[in-house]
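Okay, here's what each chain looks like letter by letter:
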Amino acid sequence: MNAIPDSNIFAATNAVAWPLGGGGTFRHPQASASAVALAFGDPAGVQASFQARYRGFGSGAPSAAVNPDWKALPSSRADPHAEVFDRLIDLKVSTATIAMHLQDAWRTGLFRQLDDLLDEENWHPGDTLPTPDSFRTFLRLVIMLGRPPRPGLGCTDSGNILASWRRTEDRLTIECRLDDELRWVLSRRLLGETESAAGICKVKNLRSRLAPYEPEVWFVAHDKHSRP
Amino acid sequence: MPTTNIPDPDHLLRHVKSRLVDRDPQTGAAIGLLPQAFELTPDERGLSASWLEFFGDPASAQPAAAMAEFAAVYDVRKNDRFACGAVGDIKAACGRFNLKVRVVHDGDGHPSHASVRRFGGASLELLDLLAAEAWAEIVAPTSAALQISKVRAKAR
């Protein structure tokens, strides 16, 4: 990873601050400045997108000179697009807290998937956003699995993250729930027969539950781009 | 509106939001559907879809007509997909999990609306089977459906 100047980190944290808090000094509860820098591989780009969305709030302290109406602007929570964007940032910052476990390419790929999942052009207004609790379970799952290839990402109606791995006919889908709970379903071709199974377990028990189905088919990277 | 059973050779088209489409993690291309695309929400009586043969011949024009009708009532986004399956295949898949479903046309919400009834006890394995085999053909929304949805959203 390239070193990011402190000024950029400061700008990124400030950029996060105004949409979320509307004033004061922002400190994400789970993120240090360096974690935020890790979350935003391109702080300048992130800052630019914030500035485009929240004119006058992008850098430095908000002031009447920058935007005379800033006090009258609605909070981001009142704007569904801003709410989706805020959640995207929350999830990226959460990822940054475990960045030391992930290779840059894996993390960048995950961020691209999150961008797609929470793309405002495709997100249906009123749908439940992916919950931070579910996403934390997803991150713990990734760490527990060691070095799994990056899964496909989805989201249930209740905001739980879905992770899916496919290898020809073999497929595994895991719903990440609150408090490390996983709801999984698989279909696996073994010895010429297709078997299916489903279950609910904690993250720490997943490997033993999947062991009879030889889960390496999903969890061993098959190309250099998918290794974490 | 009275309900009628839909014949086994006929087809259902179900709208699937982008977040329930299975995508290639490298390219982002749609490669299938996630099982939860077929999960009932708490307020759903049956699994909703459009009955393709409701639109008559030619068969090749039915999906576009069904999407346009759906988009006039509900939001359709570019990365959403529609899942197509034959009624007989869907019933057979449910039967493998001892679920004796009824597939009916009821016109509820839009004229071609169909519903898979008695689906309440569907297991996650059944949802996976539907997503991977019985109801697995995916179709991208037509540009006409997207346009109709946009116009409707602007008018709101």
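Definitions and limits used
- Residues numbered from 1 in each chain as written.
- Chains lettered and ligands numbered in written order.
- Predicted model: local features only at pLDDT ≥ 70, side-chain atom pairs only at ≥ 80, totals over all residues.
- Helix = DSSP H or I, 4+ residues; strand = E, 2+ residues; numbered from the N terminus.
- Buried ≥ 20, exposed ≤ 12 C-beta atoms within 10 Å, placed from the backbone.
- Contact = placed C-beta atoms within 7 Å.
- pLDDT = per-residue confidence, 0-100.
- Pairing = 2+ DSSP bridges.
- Axes fitted to C-alpha atoms, helices over the stretch in contact; angles between N-to-C directions.

(A) Examining the overall build of chain A more closely. Within chain A, the secondary structure is distributed over 8 helices and 5 strands. Across chain A, helices and strands are ordered from the amino to the carboxyl terminus as α-α-α-α-α-α-β-β-β-β-β-α-α. For chain A, the proportion of its 228 residues judged to be buried stands at 36%. Considering only residue pairs separated by 6 or more positions, chain A has 60% of its internal contacts joining residues 24 or more positions apart.

(B) Structural context of the confidence of the model for chain B. Per-residue confidence for chain B averages 96 on the pLDDT scale, and 100% of its residues sit at or above 70. Taken together, the chains of this predicted complex give a pTM of 0.81 and an interface ipTM of 0.95.

(C) Focus on the sheet that holds strand S5 (residues 47-51) of chain B. All names here are of chain B. Taken together, the 7 strands give an open sheet; going across it, the order is S1-S7-S8-S5-S2-S6-S9, and neighbouring strands pair in antiparallel fashion. Both outer strands of the open sheet, strand S1 (4-5) and strand S9 (137-139), are each paired with one neighbouring strand and no more. Pairing of S5 with strand S8 (residues 113-117), which is carried by 4 bridges, proceeds in the antiparallel orientation. Residue pairing for S8: Ala-49 is matched across the bridge by Ala-114. Each of strand S2 (11-16), strand S6 (81-86), strand S7 (102-105) and S8 is contacted by helix H2 (residues 87-96), which is oriented at about 80 degrees to S6, the strand it contacts most.

(D) Fine view of the sheet that holds strand S1 (residues 152-155) of chain A. Residue and element names in this part refer to chain A. What the 5 strands build is an open sheet, ordered S1-S2-S3-S4-S5; its pairing is antiparallel. The sheet is open, and its two borders are formed by S1 and strand S5 (193-202), each paired with just one other strand. Neighbour-to-neighbour, the strand axes of this sheet turn through a mean angle of 15 degrees, independent of strand direction. As defined by bridge partners, strand S3 (residues 170-176) adjoins strand S4 (residues 181-190) across 6 bridges and the pair is classed as antiparallel. Bridge pairing links Ile-174 to Trp-184 in S4.

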